[in-house]
Amino acid sequence: MNAHAPPPPAPPIGLLVELTHRCPLGCPHCSNPLALERPAAELDAETWKRVFSEAAALGALHVHLSGGEPTARRDIAELTRHAAQAGLYTNLITSGVGVSEKLWGDLIEAGLDHAQLSFQGADKATNDRLGHYDGAWEKKRAFAAMVTRAGLPLTINAVISRANLHQVGAFIDLSIELGARRLEVAHTQYYGWALVNRAALIPPKAETMAAIALVEAARPKLEGKLVIDMVVPDYYARYPKPCAGGWGRVAINVSPSGKALPCHAAESIPGLEFWNVRDRSLGEIWRDSPAFRAFRGTEWMQEPCRSCERREIDWGGCRCQALALIGDAAATDPACHKSPHHARIAAMAAAEAEADESAIRWRSYKEKVEA
Ligand code: SF4
Ligand code: FES
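The paragraphs below set out a description of the structure included in this document.

What counts and how
In every chain, residue numbers begin from 1 and rise along the written sequence. Chain labels run from A onward and ligand labels from 1 onward, assigned in the order the entries are written. Per-residue local features are limited, in this predicted model, to residues with pLDDT of at least 70; the limit for side-chain atom pairs, both in listing and counting, is 80 or more; totals at the level of whole chains, interfaces and linings are taken over all residues. Just so you know, side-chain values use all the structure's heavy atoms and leave hydrogens and water out. One speaks of a salt bridge when a side-chain nitrogen belonging to Lys or Arg is within 4 Å of a carboxyl oxygen belonging to Asp or Glu. For the purposes of this entry, the term helix denotes a DSSP run of H or I that reaches at least four residues, the term strand denotes a run of E that reaches at least two, and both are numbered from the N terminus. With a 1.4 Å probe rolled over the protein chains alone, any residue whose accessible area is under 20% of its type maximum counts as buried; one over 50% counts as exposed, and the rest are partly exposed. Working definition: residue near molecule or strand if any one of its non-hydrogen atoms lies within 4 Å of it. In this classification, Asp, Glu, Lys and Arg are treated as charged, Ala, Val, Leu, Ile, Met, Phe, Trp, Tyr, Cys and Pro as nonpolar, and every other residue, Gly included, as polar. Fitted lines through C-alpha atoms give the axes, limited to the stretch in contact for helices. The angle between two N-to-C directions lies from 0 to 180 degrees. Convention used here: angles under 35 degrees read as roughly parallel, angles over 145 as roughly antiparallel, angles from 65 to 115 as roughly perpendicular, and any remaining angle as oblique. Each crossing is labelled by how the near helix is turned from the far one, with a counterclockwise turn of less than a right angle marking it left-handed and a clockwise turn marking it right-handed. We call two residues contacting when some pair of their heavy atoms lies within 4.5 Å. Ring pairs shown here join Phe, Tyr and Trp side chains whose ring centres sit within 6.5 Å, with only the six-membered ring taken for Trp; geometry is labelled stacked below 30 degrees between planes, edge-to-face above 60, and tilted in between. One bridge is not enough; two strands pair if DSSP finds at least two bridges between them. Crossovers are described as right-handed under a simple rule: with the strands pointing away from the observer, the path leading from the first strand over the helix to the second runs clockwise.

1. Quick notes on the pattern of salt bridges
Under the definition given, this model contains 20 salt bridges. A salt bridge links Lys 49 to Glu 78; the shortest N-O distance between them is 2.8 Å. Pair noted here: Lys 49 is in helix H1 (residues 45-58) and Glu 78 is in helix H2 (residues 76-85), with a separation of 29 residues, a long-range link. For Glu 78, a relative accessible area of 36% corresponds to the partly exposed category. Taking the shortest distance from any N to any O, the salt bridge between Glu 101 and Arg 149 comes out at 3.7 Å. Separated by 48 residues along the polypeptide, Glu 101 in helix H3 (residues 101-110) and Arg 149 in helix H5 (residues 136-149) bring together distant segments of the chain.

2. Focus: unusual backbone geometry
In this model, Gly 67 is joined to Gly 68 through a cis peptide bond whose omega is 15 degrees. Relative to the elements of secondary structure, Gly 68 occurs in the loop between strand S2 (62-66) and H2. Note the cis peptide between Glu 303 and Pro 304, where omega equals 5 degrees. Positive phi, close to 60 degrees, is recorded for His 132, a residue that is not glycine. Positionally, His 132 belongs in the loop between helix H4 (124-131) and H5. Residue class for His 132 comes out partly exposed when judged on its relative accessible area of 44%. Residues other than glycine seldom take positive phi values, yet Ala 244 does so here, at roughly 55 degrees. For Ala 244, the location among the structural elements is in the loop between strand S7 (227-231) and strand S8 (251-254).

3. Details of the site of ligand 1
Around ligand 1, the structure places Tyr 239, Pro 240, Pro 304, Cys 305, Cys 308, Arg 310, Arg 311, Asp 314, Gly 316, Thr 332, Cys 336 and Lys 338. Of the residues assigned to the shell around ligand 1, the class counts are six nonpolar, two polar and four charged.

4. Some remarks on the packing of H1 against H2
Remark: H1 packs on H2, axes separated minimally by 9 Å, with the N-to-C direction vectors making an angle of 20 degrees. On the basis of the axis angle, H1 is roughly parallel to H2. Seen along the crossing, H1 lies across H2 with a hand that is right-handed. Listed contacts from H2 to Ala 45, Glu 46, Trp 48, Lys 49, Phe 52 and Ser 53 of H1 are Glu 78, Leu 79, His 82 and Ala 83. The residue inventory of the contact of H1 with H2, partitioned by class, reads five nonpolar, two polar and three charged.

5. With respect to the packing of aromatic side chains
What characterises a pair of aromatic rings is the spacing of the ring centres plus the angle enclosed by the ring planes. What the rule picks out here adds up to seven aromatic pairs. Measuring from centroid to centroid gives 5.8 Å for Tyr 190 and Tyr 235, while their planes differ by 65 degrees, and the two rings are edge-to-face. Here Tyr 190, found in the loop between strand S6 (182-187) and helix H7 (192-196), pairs with Tyr 235, found in the loop between S7 and S8; they are 45 residues apart in sequence, far enough to count as distant. Under the relative-accessibility criterion, Tyr 190 is labelled buried at 6%. Between the aromatic rings of Trp 286 and Phe 292, the centroid separation amounts to 5.7 Å while the plane-to-plane angle is 65 degrees, which identifies the pairing as edge-to-face. For Trp 286, a relative accessible area of 2% gives the class buried. Ring pairs connect the aromatic residues Trp 247, Phe 295 and Trp 300, which therefore count as one cluster.

6. Examining the sheet that holds strand S9 (residues 260-261)
Ordered by their spatial adjacency, nine strands build an open sheet running S7-S6-S5-S4-S3-S2-S1-S8-S9, and the pairing between neighbours is mixed. The two strands at the open ends of the sheet, each matched to only one other strand, are S7 and S9. Here strand S1 (residues 14-18) pairs with S8 via four bridges, running parallel. Directly across from Gly 14, in S8, lies its bridge partner Ala 251. Where H1 meets the sheet, its contacts fall on S1, S2 and S8, and the angle it forms with S1 comes to roughly 165 degrees. Where H5 meets the sheet, its contacts fall on strand S3 (89-94), strand S4 (114-119) and strand S5 (154-160), and the angle it forms with S4 comes to roughly 160 degrees.

7. A short note on the pairing of S5
In the case of a regular strand, side chains alternate between the two sheet surfaces. Burial analysis of S5 places seven of its seven residues in the buried class, which makes it a mostly covered element. Burial of S5 is two-sided: the residues Leu 154, Ile 156, Ala 158 and Ile 160 facing one way and the residues Thr 155, Asn 157 and Val 159 facing the other way are all buried. As defined by bridge partners, S4 adjoins S5 across five bridges and the pair is classed as parallel. Across the sheet, the residue bridging to Leu 117 is Ile 156, located in S5. Sheet topology note: the S5/S6 ladder contains six bridges and is parallel. Counted as the bridge partner of Ala 158 is Val 185 from S6. Assessed by its sense of winding, the connection that carries the chain from S5 through helix H6 (residues 168-178) to S6 is right-handed.

So this is what it looks like as structure tokens:
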């Protein structure tokens with residue numbers, strides 16, 4: 001197989017919009033950037049609406065309304081309505097702690113299609129501790145009840161770390177109890193704030209593999225009742241994930257201030273030029289933005305990816321992780337066993353998994369807003 005130049009891109013499938021970086025929780029596994037964007041820098045409603053219309057015209061099918069906490073925006077129902085009217089399937093990604101009955105009614109009336117609710121733990125103590133928010137447990141459960149009462153599909157998102165790995169089975173039970181149709185068992189991806197906390201969060205390999213086996217055993221028994229998606233931990237993988245579905249292939253992220261990003265951590269890669277939706281249409285950005293073109297296709301690849309039979313399956317893994325772990329964004333993701341750095345990374349993960357968990361650093365929106 002020869003590497004080839006990227007063809008004109010097919011339309012993106014989805015748009016993930018970080019409507020705001022504001023968030024009431026303080027999760028140590030937060031993968032948002034270290035420097036969060038200020039409320040004053042956020043796009044206004046009219047610009048977001050134009051972006052949604054452009055996404056639909058481009059052929060995108062769904063929009064993920066995310067953050068931070070997207071319901072921290074007062075205009076969240078108005079934005080949802082516009083996205084739904086533009087023909088996009090609308091998914092609200094929320095912590096659930098700030099959604100009143102009134103707001104939920106407005107969201108339903110606006111045409112919201114789906115809700116994805118995060119839980120930090122499968123019991124009150126773990127949940128409220130890891131979310132760094134007293135009382136979040138009750139609020140999340142109340143939110144889940146509002147979603148199912150309205151007949152909307154509910155997905156529970158459980159980010160897994162050493163602090164809650166033992167609760168994977170309990171997350172399954174919780175999801176069934178709450179009437180969720182889907183559970184995402186998402187092992188922490190170490191980007192942004194989560195990377196700062198890696199030594200405090202990364203779980204030991206043996207326990208991780210046992211938790212993965214537990215999910216695999218549960219899946220057939222829950223067929224027709226609960227779908228379980230699983231994001232496996234990179235550092236213990238044999239092959240990397242096709243991060244963001246492949247760079248510039250299927251998804252566009254937009255930051256609160258309008259920067260169009262090929263993945264949510266792309267700003268960690270120095271030298272990339274990000275175009276802003278304030279200045280250009282989404283179609284122009286998708287086709288021609290230097291950042292989207294930088295790692296699209298396979299032409300940029302080095303060995304071993306360049307001649308690998310999986311290069312159009314996982315697209316070389318994650319560019320941001322390659323940069324963070326080995327200092328070269330164009331290198332094979334070291335999560336891949338073919339990377340010459342894989343053994344060192346796996347050994348580092350094993351050593352960090354023995355570190356003292358008390359070193360956890362909680363996220364604080366107020367302290368981390370960029371100047
Ligand atoms: Fe994927 Fe590259 Fe590893 Fe091949 S060498 S499996 S393309 S990351
Ligand atoms: Fe950026 Fe994976 S997070 S490519």
